[in-house]
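# Chains, contacts and geometry: an overview
Chain residues, written in single-letter form:
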Amino acid sequence: MTGATGPSRTSRSRSTGRGAQSDALAAVLAAVPFACAAFDRRSGALVAANPRFSTDLGALPGHGQRDALLASLYGDLTGEARGEEVRAPHSGRWYALHWRDLDCGGQALSLLTAVDISERIETLDSHKSQQEKLLFTSRMMSVGEMAATLAHELNQPLAAIVNYLNGSLRLVGQAGGPVQVERALQAARTQAEHASAVIARVREFVRAREPRRDAQELPLIVDTVLELLRLEAERQQLRVELALPASLPPVYADRVMIEQVLLNLVKNAIEAMREVPAAQRGLRIEARVNLDDEIEVRVCDRGPGLSPAQSEQLFSPFYTTKSDGLGIGLAICRSIIEYHEGRLFFEARDGGGSVFGFTLPTPDRRI
Ligand SMILES: Nc1ncnc2c1ncn2[C@@H]1O[C@H](COP(=O)(O)OP(=O)(O)O)[C@@H](O)[C@H]1O
Ligand SMILES: [Mg+2]
């Protein structure tokens, strides 16, 4: 670091005094525990700097000139600025900048101190993401409460509908027909009973309870989910292909939670194929032991798949492309799978469509 450069009006006449002054300035700056530098107020040239300045900001382009240094720090493209708090583009560290005017031996200086505040910024940022998580949880809880209320409200009328249908069936039976009416009533009862079963499961899921993990047979979970979605699948004339090896070890999981995950994924797959011609619709559920000795479950559809932009947002809560969607299905799936020390993933399916999958530990590999 050199002293004042270039001939200024006063520098020649008082050069000896200036030398002593700049030595004193350098000594003072060296004692400051922050990055500190003095610039000539008029020309902006660097006059003196302490070692901390050199290590922290000395690598920045233009650090020897005030305006060039500021341009580097606040630069539109690279420097992310928060008022007097700037992020140094070369190191990614945050600094609080303070400027003070200082007259030193007749020279007008601008003194810059740059205090490294990266730790405070990091704490703030992690606090913020903590807050966001909390907000998400509380939203999720209100969705859960909503589901519980709905389930409760629907349960009563559904039970009444089943009762009325049973009564009607008895009356039609006693009157001896007509048989078409009897069949229609039976079909209606099957649907109502199914709706009750779904609601019972929602209530079971929503009811506040600690997850209970133990050894679970995956094929039984798949059966339950397919049973819940049977009507939907029939309506769509959907071929469901299962590839679950008989030798598949059990998974270490909370059964209802994993049913919920699979239900969400299969539902999404079915919904993705709504617009696809019936002949092309094909759902495949497969499972295998992967290279990490985890159980990997994959739900494969022949829907339109996802653009890279879409797949980035996929797991953010409340992201949906459906007019009747809530956009929380995949977010719930992810938190459930992560709770199980597994991984939820997406990939494009060979020949078109998407694959949504997850991994789960086996009972002997649990952490
Ligand atoms: N199998 C799939 N194929 C194509 N897009 C999908 C599939 N599964 C999910 N998506 C996309 O991800 C979004 C979020 O899904 P999800 O969280 O389950 O919420 P929702 O189903 O309520 O929209 C969907 O709206 C859809 O755009
Ligand atoms: Mg969904």
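Read on for a plain summary of the structure. Everything numeric in this text was worked out from a predicted model, so none of it was measured. (Residues numbered from 1 in each chain as written. Chains lettered and ligands numbered in written order. Predicted model: local features only at pLDDT ≥ 70, side-chain atom pairs only at ≥ 80, totals over all residues. Heavy atoms only, no water.)

### Some details on the pattern of salt bridges
Close approach of charged atoms lets side chains of opposite charge pair. Within this structure, the stated rule accounts for 17 salt bridges. Of the charged contacts, one joins Arg 274 and Asp 324 as a salt bridge, the two residues approaching to 3.9 Å between their closest N and O atoms. Placement of the pair is Arg 274 in the loop between helix 8 (255-272) and strand 10 (282-289) and Asp 324 in the loop between helix 9 (308-313) and helix 10 (329-339), with a sequence separation of 50 residues. Residue Asp 324 is classed as exposed on the basis of its relative accessible area, which comes to 55%. In this structure, Glu 296 and Arg 288 form a salt bridge, with 3.2 Å as the shortest nitrogen-oxygen distance. (Salt bridge = Lys/Arg side-chain N within 4 Å of Asp/Glu carboxyl O. Helix = DSSP H or I, 4+ residues; strand = E, 2+ residues; numbered from the N terminus. Buried < 20%, exposed > 50% of the residue type's maximum accessible area, 1.4 Å probe, protein only.)

### Brief notes about helix 3 (residues 66-74)
Those residues of helix 3 lying buried are Arg 66, Leu 69, Ser 72 and Leu 73. The buried side chains of helix 3 occupy one side of the element, clustering within an arc of 125° when seen end-on. Elements in contact with the buried residues of helix 3: strand 1 (35-40), helix 2 (51-57), strand 4 (85-87), strand 5 (94-104) and strand 6 (107-116). Residue Gln 65 occupies the N-cap position of helix 3, its side-chain oxygen lying 3.1 Å from the main-chain nitrogen of Asp 67. (Arc of directions from axis to C-beta. Contact = heavy atoms within 4.5 Å. Polar contact = N/O pair within 3.5 Å; in protein donor to acceptor, adjacent residues only side chain to side chain.)

### Side note on the site of ligand 1
Taken together, 20 residues sit near ligand 1, with Asn 268, Asp 301, Thr 320, Thr 321 and Lys 322 positioned nearest. Side-chain polar atom of Thr 320 to an oxygen atom of ligand 1: 2.5 Å apart, as the coordinates give it. Computed on the free molecule, ligand 1 has an accessible area of 530 Å², of which 93% lies beneath the protein chains in the complex. Contributions of two or more residues to the shell around ligand 1 are made by helix 8, helix 10 and strand 13 (354-360). At four residues, the largest contribution of residues to the shell around ligand 1 is made by helix 8. The class makeup of the residues in the shell around ligand 1 is nine nonpolar, eight polar and three charged. (Near = heavy atom within 4 Å. Areas by Shrake-Rupley, 256 points an atom, 1.4 Å probe, with all protein chains shown as cover. Nonpolar A, V, L, I, M, F, W, Y, C, P; charged D, E, K, R; others polar.)

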